[in-house]
Amino acid sequence: MVAAELRANPSAVLGLATGRTMEAVYKILVKMHREEKLDFSLCRTFNLDEYVGLTPDDPRSYRHYMNEQLFKHVNIDPRNTHLPNGAAKDLDAECAEYERKIKRCGAIDLQLLGIGKTGHIGFNEPLSALRSRTRVKALSPVTMEQNAALFGGSRNVPHRAITMGVGTILECSRCVMLATGASKADIIAKAVEGPITSMISATALQWHPRCTVALDEAAAGKLQATEYYRWIFANEPEWEGYR
Ligand code: F6R
């Protein structure tokens, strides 16, 4: 989907995510750049989030992750890549400026999303307002535990992050949420089939007019209406390119 978007619209504005799930996505995009000349030269990118207190050159920062996983391996212009600066002196001003930068580019054409164990998209932890904008958000203990490995224990994970809000994310033209592995099965079932609630920010995607959820069998393991989804995947023309 990302490659199709870039080929149809070389100056696309891509919304990007970090985390383990996305590593496989970026590997494939790098491979497509090398082998099929997938062109990133005109595209612009905005990442969902960044830890507060980490400088962009900190190896644990999401800026560093993006440089290592994608940016330095493709022909993207670094000036076109955007992440919130978690080390900014005035964090509120940084958040407001991030929103303005997105607006100046028009809108995000395709937003990639992972899902955390709390059901967060970006770092929109439980009770994130469904209309929230880019802001500083405190991370929940579950999320700090989820991201502990990189910091040598959850006690060392920064307590706060700058994240696009749920409202910011909902304004993208199209979004794709990805989840893999059995550990995501419970939260995916709630996010996809449960009621919309600010306790699980991913449920807000049910409101989005053009949202695709891409799952492996394990992450899809607790969905209720699987038989129906399989029929749609096998028979609806919109899925032709992915079968
Ligand atoms: C990261 C982000 C998070 C992750 C989510 C899943 O930029 O916004 O919402 O997508 O925590 O992380 P993984 O893929 O590591 O399970």
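That block above? That's the structure.
Structure report, in brief. (Residues numbered from 1 in each chain as written. Predicted model: local features only at pLDDT ≥ 70, side-chain atom pairs only at ≥ 80, totals over all residues. Heavy atoms only, no water.)

## Brief notes about unusual backbone geometry
Logical step 1: Within the chain, Lys-37 stands out as a residue other than glycine whose phi angle is a positive 60°.
Logical step 2: By the secondary structure assignment, Lys-37 is in the loop between helix H2 (20-36) and strand E2 (44-47).
Logical step 3: A positive phi angle is found at Leu-127, which is not glycine, with a value near 75°.
Logical step 4: Summarising the element assignment, Leu-127 is placed in the loop between strand E5 (110-113) and strand E6 (135-138). (Helix = DSSP H or I, 4+ residues; strand = E, 2+ residues; numbered from the N terminus.)

## Things to note about the pattern of salt bridges
Logical step 1: Here the structure, examined in full by the defined rule, presents 12 salt bridges.
Logical step 2: Of the charged contacts, one joins Glu-36 and Arg-7 as a salt bridge, the two residues approaching to 3.0 Å between their closest N and O atoms. Of the two residues, Glu-36 sits in helix H2 while Arg-7 sits in helix H1 (residues 2-8), which places them 29 residues apart along the sequence.
Logical step 3: Residue classification places Glu-36 among the partly exposed residues on the basis of a relative accessible area of 44%.
Logical step 4: Given the relative accessible area of 46%, Arg-7 is considered partly exposed.
Logical step 5: Among the ionic contacts, a cluster of salt bridges with common partners joins Glu-97, Arg-100 and Arg-104. (Salt bridge = Lys/Arg side-chain N within 4 Å of Asp/Glu carboxyl O. Buried < 20%, exposed > 50% of the residue type's maximum accessible area, 1.4 Å probe, protein only.)

## Side note on the environment of Cys-105
Logical step 1: With respect to the helices and strands, Cys-105 occurs in the loop between helix H4 (91-104) and E5.
Logical step 2: Separated by 12 residues in the primary sequence, Cys-105 and Ala-93 have C-alpha atoms spaced 19 Å apart.
Logical step 3: Once residues within four sequence positions are removed from consideration, Cys-105 is found in contact with Val-13, Arg-44 and Phe-46. (Contact = heavy atoms within 4.5 Å.)

## A word on helix H7 (residues 185-193)
Logical step 1: Turning to H7, its buried residues are Ala-185, Ile-187, Ile-188, Ala-189 and Ala-191.
Logical step 2: Of the surrounding elements, those touching the buried residues of H7 are strand E8 (175-179) and strand E9 (211-215).

## A word on the site of the ligand
Logical step 1: Inspection of the region around the ligand gives 14 residues, with Thr-21, Asp-49, His-120, Gly-122 and Lys-184 positioned closest.
Logical step 2: Between an oxygen atom of the ligand and a side-chain N or O atom of Asp-49, the distance comes to 2.7 Å.
Logical step 3: Within the side chain of Gln-146, an N or O atom sits 3.1 Å from an oxygen atom of the ligand.
Logical step 4: Coverage of the ligand by the protein amounts to 96% of the 410 Å² it exposes when considered alone.
Logical step 5: Across the shell around the ligand, the residue classes tally to 3 nonpolar, 8 polar and 3 charged. (Near = heavy atom within 4 Å. Polar contact = N/O pair within 3.5 Å; in protein donor to acceptor, adjacent residues only side chain to side chain. Areas by Shrake-Rupley, 256 points an atom, 1.4 Å probe, with all protein chains shown as cover. Nonpolar A, V, L, I, M, F, W, Y, C, P; charged D, E, K, R; others polar.)

## Observations regarding helix H3 (residues 62-69)
Since there are 3.6 residues in each turn of an α-helix, residues three or four apart along the chain are aligned in direction.
Logical step 1: If you check which residues of H3 are buried, you get Tyr-62, Arg-63, Tyr-65 and Met-66. Seen end-on, H3 carries its buried residues on one side only, within an arc spanning 160°.
Logical step 2: On the buried face of H3, the contacting elements are strand E1 (13-16), H2, E2, strand E3 (49-51) and strand E4 (81-82). (Arc of directions from axis to C-beta.)

Shape is all these values report; function is a separate question.
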